[in-house]
Amino acid sequence: MGLKVAKFGGSSVADGIQLEKMRKIIMHDPDRRYVVVSAPGKRFDGDNKITDLLFLCLTQMENNIPCDQIFQVICDRFTAVKLNLDLDIDLTEDFDEIRERMRNGAPKDYVVSRGEYLSAKIAACYLGYDFVDTEGLIIFDKRGRVKLDETDARLSEELAKHERAVLPGFYGTNEETGEVRTFSRGGSDITGALVARAVKADVYENWTDVSGFLMADPRIVKGAKPIGNISYMELRELSYMGASVLHEDAIYPVRLAGIPINIRNTNHPEDQGTVITAEHDPEDKRVITGIAGNRDFTVIAIYKNTLNKEIGFVRRLLSIIEDHRINFEHIPTGIDTVSIIISNKEIEGKLDDVLEDINLQLKPDNIDVYTDISLIATVGCGMSFRPGVSAMLFSALAKNDINIRMIDQGSSEMNIIIGVANKDFESAIRTIYEAFNE
Ligand code: ADP
Ligand code: ASP
Ligand code: MG
């Protein structure tokens, strides 16, 4: 007998119908002993995610506008599920407590975490599993990083007392304040990974609304092919670059413990989905594994004659970026040029000061700034064994009149990152997909 941790995302627990599918999946395999759930997501196009409604409550609270009406919509959705599935659970006390705390200005993370809390209570009741709260078990340090060892110890000690349990995703406790602390959006994937590691699961199943990781975002490439197998490294590259199926930080805890991740479709449990393992399968002959990208980056391109001979130039550039407390993404260099790529969100309100410092301290011949850049990564372990991959990619883009504004090939030879104008984002992804799938 094995042990499986199954995480169900927002769409998989969106209403009674989805919860029935979840229950069938769990009951089908007794190894599925620990379940992690998100807050209910959208039931149809144009619907609201519970977490988004909770964020809306927060905005109201910050503007001193009562949020009782929005909170009532949230309560009604949970109550509808309870009635739909005829569950013997009374959430009135929980609703009252949350409402009361919100009226008294509850902290942000507490408010937005309540979707997962209520979702896990309902799911536990429906499955007949224990409800185990992650508050006090998943521990964050004061800088918002998970204390992995402590979390692991606390989760495994608590879960050893429960043969079968449902846990809420997305949050834990800030060790300094003792208050609820959430992950970034999509963070229930991380909770699932931490639970899988703590109980030494044989597999971490991540149940969502697609039959695994696809070669490209299905909203951009209709009918994108599924990826059967992928290595942690490739997946991390794709997740980081915008393939939003799995939170990028969900990989580290399971990778550390050597636990494979299996991405599955709650609406099509017969599909095998994607299996993510430590190593790239050497028998696998595919050239690229997937394509992912994100919009809205700024490129600062700096030119200076014989820049490569000037010792310390890049170091001084990076100190300027560091002084402004900015995270950068890439820094491709040439003989007389160096570019630095930063997400627009990160550099918002700081660009002018950064440029002034660069001019003053580095005295470049010229600086170009582009603020409408999308980054697209073409990822695959197979690329390093094949000559001509970049040529194929670039000529396909040229044929489609897509101008490449930046190129960065990682030293791992596992990815090629290009920058294109935001307006070309989707067509560039489709072009690359077609070039490698003819
Ligand atoms: P959940 O709510 O189950 O956590 P998410 O919405 O976070 O699900 O992730 C699944 C979604 O990720 C899919 O519905 C799809 O729109 C999107 N997506 C983006 N890139 C990819 C990709 N390469 N393969 C599959 N899905 C992708
Ligand atoms: N409910 C949270 C969100 O919408 C976390 C998650 O679903 O993973 O971001
Ligand atoms: Mg998700």
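Our subject is the structure that appears above.
Remember, it's a predicted structure, so these values are computed and weren't measured experimentally.

Caption draft 1: Layout of the packing of helix H6 (residues 148-159) against helix H7 (residues 188-198). Where H6 contacts H7, the axes come no closer than 8 Å and their chain directions differ by 65°. In terms of orientation, H6 lies roughly perpendicular with respect to H7. The crossing of H6 and H7 is right-handed. On H7, the residues that touch Leu-148, Asp-149, Thr-151, Asp-152, Leu-155, Ser-156 and Leu-159 of H6 are Leu-194, Val-195, Arg-197 and Ala-198. When grouped by side-chain class, the residues that make up the contact of H6 with H7 number six nonpolar, two polar and three charged.

Caption draft 2: Summary view of the site of ligand 2. Ser-38, Thr-51, Glu-116, Phe-170, Arg-185, Gly-186, Gly-187 and Ser-188 make up every residue found near ligand 2. Note that a nitrogen atom of ligand 2 is positioned 2.7 Å from one of the side-chain N or O atoms of Thr-51. Residue Glu-116 places a side-chain N or O atom 2.6 Å away from a nitrogen atom belonging to ligand 2. If ligand 2 stood free it would expose 260 Å²; the protein chains cover 91% of that surface. Grouping the amino acids of the shell around ligand 2 by side-chain chemistry returns one nonpolar, five polar and two charged.

Caption draft 3: How the structure looks around the nonpolar core. The biggest cluster of nonpolar side chains holds 124 residues, and the ones touching the most others in it are Phe-8, Met-22, Val-37, Leu-155, Leu-159, Val-166 and Ile-376. Per-element tally for this core: the top contributor is helix H5 (residues 108-127), with eleven residues. If we skip the residues at most four places from it in the chain, Met-22 touches Phe-8, Ser-12, Val-13, Val-37, Ala-123, Leu-127 and Thr-266.

Caption draft 4: Structural view of the environment of Gln-69. Following the sequence through the fold, Gln-69 ends up in helix H3 (residues 68-84). A C-alpha to C-alpha distance of 34 Å links Gln-69 and Lys-24, two positions 45 residues apart in sequence.

Caption draft 5: Summary view of the side chain of Glu-116. Examined against the element boundaries, Glu-116 turns out to sit in helix H5. Despite its burial, Glu-116 remains without a salt bridge, the nearest opposite charge being carried by Arg-185 at 7.7 Å. Side chain to side chain, Glu-116 and Ser-188 meet in a polar contact 3.4 Å long. Discounting chain neighbours no more than four positions away, the residues touching Glu-116 are Val-37, Ser-38, Ala-39, Thr-51, Pro-168, Gly-169, Phe-170, Tyr-171 and Ser-188.

Caption draft 6: Summary view of the site of ligand 1. Around ligand 1 there are 16 residues in total, and Lys-7, Gly-10, Thr-208, Asp-209 and Leu-214 lie nearest to it. Within the contact set of ligand 1, an oxygen atom lies 3.2 Å away from a backbone nitrogen or oxygen of Gly-10. Leu-214 is positioned such that a nitrogen or oxygen atom in its backbone is 2.9 Å from a nitrogen atom of ligand 1. In the complex, the protein chains occlude 84% of the 570 Å² of accessible area that ligand 1 would expose alone. For the shell around ligand 1, the residue count by class is seven nonpolar, five polar and four charged.

Caption draft 7: Main features of the pairing of strand S2 (residues 32-37). Of all the six residues making up S2, six are buried; the element is thus mostly covered by neighbouring parts of the structure. Here strand S1 (residues 4-8) runs beside S2; their pairing, made up of five bridges, is parallel. Within S2, the position partnered with Val-5 by the bridge is Tyr-34. The sheet contact formed by S2 and strand S5 (residues 165-168) spans four bridges and is parallel. What sits directly across from Val-36, in S5, is Leu-167.

Cut-offs used in this document
- Residues numbered from 1 in each chain as written.
- Chains lettered and ligands numbered in written order.
- Predicted model: local features only at pLDDT ≥ 70, side-chain atom pairs only at ≥ 80, totals over all residues.
- Heavy atoms only, no water.
- Axes fitted to C-alpha atoms, helices over the stretch in contact; angles between N-to-C directions.
- Helix = DSSP H or I, 4+ residues; strand = E, 2+ residues; numbered from the N terminus.
- Parallel < 35°, antiparallel > 145°, perpendicular 65-115°, else oblique.
- Left-handed = near helix turned anticlockwise from the far one by under 90°.
- Contact = heavy atoms within 4.5 Å.
- Nonpolar A, V, L, I, M, F, W, Y, C, P; charged D, E, K, R; others polar.
- Near = heavy atom within 4 Å.
- Polar contact = N/O pair within 3.5 Å; in protein donor to acceptor, adjacent residues only side chain to side chain.
- Areas by Shrake-Rupley, 256 points an atom, 1.4 Å probe, with all protein chains shown as cover.
- Core = buried A, V, L, I, M, F, W, Y, C linked by side-chain atoms within 4.5 Å.
- Buried < 20%, exposed > 50% of the residue type's maximum accessible area, 1.4 Å probe, protein only.
- Lys, Arg positive; Asp, Glu negative; His and termini not counted.
- Salt bridge = Lys/Arg side-chain N within 4 Å of Asp/Glu carboxyl O.
- Pairing = 2+ DSSP bridges.

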